[in-house]
Amino acid sequence: MYYLSFFYFLFAFALPITIYSRNQTLLKKSYGQLQIYAYLFILIFFLGFRGYVFSDWYWYWVYFEGTPSLRECSIVELITEYSRRWEPGLLVCMSFVKIFTDSYEAFQVINFISNIFLFYLFLKEFEEDNINIYLIACFFLVYKGMQQEINILRNEKSILLFAISLKYINKKEYVKYLLLNGLGIFFHTSAFIYIAILPFLLLKIKRSFYLAMLVIGTSVYILKIPVLSIVFGLPVFGKLGRIAYLITLYSGGAVRGISFGFLERLFSSVIFFIYYDKLIQKNAKYRKYINLFILYMLVTFFCSEIAVVYDRFSALFCISYWILYPALYSILSREKKYLFLILFFLYGSLVMYEYDRLPNQRYDNLLFNHQSKEERIEANKLVRKMLGD
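Residues numbered from 1 in each chain as written. Predicted model: local features only at pLDDT ≥ 70, side-chain atom pairs only at ≥ 80, totals over all residues. Heavy atoms only, no water.

**Q** Would you mind showing me how to read the packing of helix 8 (residues 153–165) against helix 10 (residues 174–187) here?
**A** Angle between the axes and distance between the axes: these two values describe a pair of packed helices. It is at 8 Å that the axes of helix 8 and helix 10 come closest, and there the two elements cross at 175°. Considering their axes alone, helix 8 and helix 10 lie roughly antiparallel with respect to each other. For the pair formed by helix 8 and helix 10, the contact residues are Arg154, Lys157, Ser158, Leu161, Phe162, Ile164 and Ser165 on the first element and Tyr177, Leu180, Asn181, Leu183, Gly184 and Phe187 on the second. Looking at the contact of helix 8 with helix 10 residue by residue, the class counts come to 7 nonpolar, 4 polar and 2 charged. (Axes fitted to C-alpha atoms, helices over the stretch in contact; angles between N-to-C directions. Helix = DSSP H or I, 4+ residues; strand = E, 2+ residues; numbered from the N terminus. Parallel < 35°, antiparallel > 145°, perpendicular 65-115°, else oblique. Contact = heavy atoms within 4.5 Å. Nonpolar A, V, L, I, M, F, W, Y, C, P; charged D, E, K, R; others polar.)

Here it is, written out as structure tokens:
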């Protein structure tokens, strides 16, 4: 129950300023800044020094062990000879850390600190806004942020770089937006999508379009209409055997049914529709986050027939949650704010409770008694048997 306790602690830590601070002027005072740093330090302690939890740590550890330090080869040699099936960004980071230490555990901590620094740069955009950045941090953890920091190290760098780049859209500094996401591609090729969606993020989408996508998407999901199979089955895709192969390979792992996750997505979609105009009137910068949520909605409703598409692409757009819900909180009446916090507390508790569901996900910390790599490898094997893999 460590994840649940961690969430309770952070929620309680953020609650006083969330309830009593009507604006962000407190952030300009030393106490406010000290509280931000304390908050980030807690994240580093809990997540940066985590043990061998979840499953992907094993592959990152193997990759780290097989990576030479930058003292032994040049960056060009490193990329051409060792990048193999992964993008070179994380490889270069591993090789740089190996100049100082051969410890994978040290790399894990350093890598997380670098992510927290990127997240801090993202938060700084909202210092002048009437939006609670402590809520942003809590929503970050609940909506895929914790999972990303633990299990998808390559993606997380590109996602955080994208989060930082969004501020340049309002400033119309599109070159900086493209450069940051170009750097993101260095860590994960999925960042190409962030470059491709720039025109969509610039659109002033009408509320009626949002409603149409919500109604159609919900219908597609509930009726289990195989949109991807239909689209890629068109004659224009006839010669693209790779796509057909992927559809066949992954279509068995569908995300369907009236699940708790579906109800949450439907609830969020309806709530953002209701407050669509008020959010944009509050601050024009929230328009791009609404556009981003529309992309999230399209992926989760239209692409649920293939689990890997649903999981990977929805993670790319979950940033919308981090901002829209705290922005919504800032425009609610006092009574509704209390209801908001209660609902978020209950939902966050359920999410954190789920993290303890499987043996290989159970939390421990490198600074205290923790399971060895060998024990965790056995736990991974047990989970694969449980899941029938």
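From this point, the narrative continues.
**Q** Help me understand the environment of phenylalanine 6, please; the structure alone is not making it clear to me.
**A** Structurally, phenylalanine 6 can be placed in helix 1 (residues 2–20). For the pair formed by phenylalanine 6 and isoleucine 42, sequence separation is 36 residues and the distance between their alpha carbons is 9.2 Å. Sequence-distant contacts of phenylalanine 6, defined by excluding residues within four places in its chain, comprise Ile42, Leu43, Phe46, Leu141 and Met146.

**Q** It is not clear to me how the environment of leucine 332 should be interpreted in this structure. Could you clarify?
**A** Summarising the element assignment, leucine 332 is placed in the loop between helix 20 (319–331) and helix 21 (334–354). Between the C-alpha atom of leucine 332 and that of tyrosine 275, which follows or precedes it by 57 residues, the distance is 9.9 Å. With residues up to four places along the chain from it excluded, the contact list for leucine 332 reads Tyr275, Lys337 and Phe340.

**Q** In this structure, what is going on with the pattern of salt bridges? I would like to understand it.
**A** Oppositely charged side chains can form a pair if their charged atoms are brought close together. Applying the stated criterion across every chain yields a total of 7 salt bridges. Glutamate 87 is the partner of arginine 154 in a salt bridge, and the nearest nitrogen-oxygen pair spans 2.5 Å. One end of the pair, arginine 154, is in helix 8; the other, glutamate 87, is in the loop between helix 4 (75–82) and helix 5 (88–97), and 67 residues separate them in sequence. We classify arginine 154 as buried; its relative accessible area is 14%. Using a relative accessible area of 11% as the deciding quantity, one classes glutamate 87 as buried. Here glutamate 125 ties to lysine 285 by a salt bridge, and the two come within 3.5 Å at their closest N and O atoms. Within this pair, whereas glutamate 125 is found in the loop between helix 6 (104–124) and helix 7 (133–151), its partner lysine 285 is found in the loop between helix 17 (276–282) and helix 18 (286–302), the two being separated by 160 residues in sequence. For the pair shown, glutamate 125 and lysine 285 are each scored as buried. (Salt bridge = Lys/Arg side-chain N within 4 Å of Asp/Glu carboxyl O. Buried < 20%, exposed > 50% of the residue type's maximum accessible area, 1.4 Å probe, protein only.)

**Q** Can you walk me through unusual backbone geometry in this structure?
**A** Leave glycine aside and you will find that most residues have negative phi; peptide bonds, for their part, are mostly trans. Despite not being glycine, phenylalanine 54 has its phi angle at roughly 65°, a positive value. With respect to the secondary-structure elements, phenylalanine 54 resides in the loop between helix 2 (30–48) and helix 3 (57–65). Judged by its relative accessible area of 6%, phenylalanine 54 falls in the buried class.

**Q** Please clarify how helix 21 should be interpreted in this entry.
**A** An α-helix turns once per 3.6 residues; consequently, residues spaced three or four apart project the same way. Over its 21 residues, helix 21 runs 31 Å from end to end, which matches the ideal 30 Å to within 8%, given 1.5 Å per residue. Three or more residues of helix 21 are buried, namely Phe340, Leu341, Phe344, Tyr347, Gly348, Ser349, Val351 and Met352. (Expected span 1.5 Å × (residues − 1).)

**Q** Quick question: what am I supposed to make of a nonpolar patch on the surface here?
**A** A cluster of nonpolar residues, Ile222, Leu223, Ile225, Ile258 and Leu263, forms a patch on the protein surface that exposes about 470 Å² of accessible area. Within the secondary structure, isoleucine 225 is located in the loop between helix 13 (207–223) and helix 14 (227–232). (Patch = residues over 30% accessible without salt bridge, like charges linked within 9 Å, V, L, I, M, F, W, Y side chains within 5 Å. Areas by Shrake-Rupley, 256 points an atom, 1.4 Å probe, with all protein chains shown as cover.)

**Q** Please clarify how the packing of helix 7 against helix 21 should be interpreted in this entry.
**A** One way to put it is that helix 7 packs onto helix 21 with a least axis distance of 10 Å and a crossing angle of 35°. The hand of the helix 7/helix 21 crossing is left-handed. For the pair helix 7 and helix 21, the contacting residues are Leu135, Cys138, Phe139, Leu141, Val142, Tyr143 and Met146 in the first and Phe340, Leu341, Phe344, Tyr347, Gly348, Val351 and Met352 in the second. Split into classes, the residues belonging to the contact of helix 7 with helix 21 amount to 13 nonpolar, 1 polar and no charged. (Left-handed = near helix turned anticlockwise from the far one by under 90°.)

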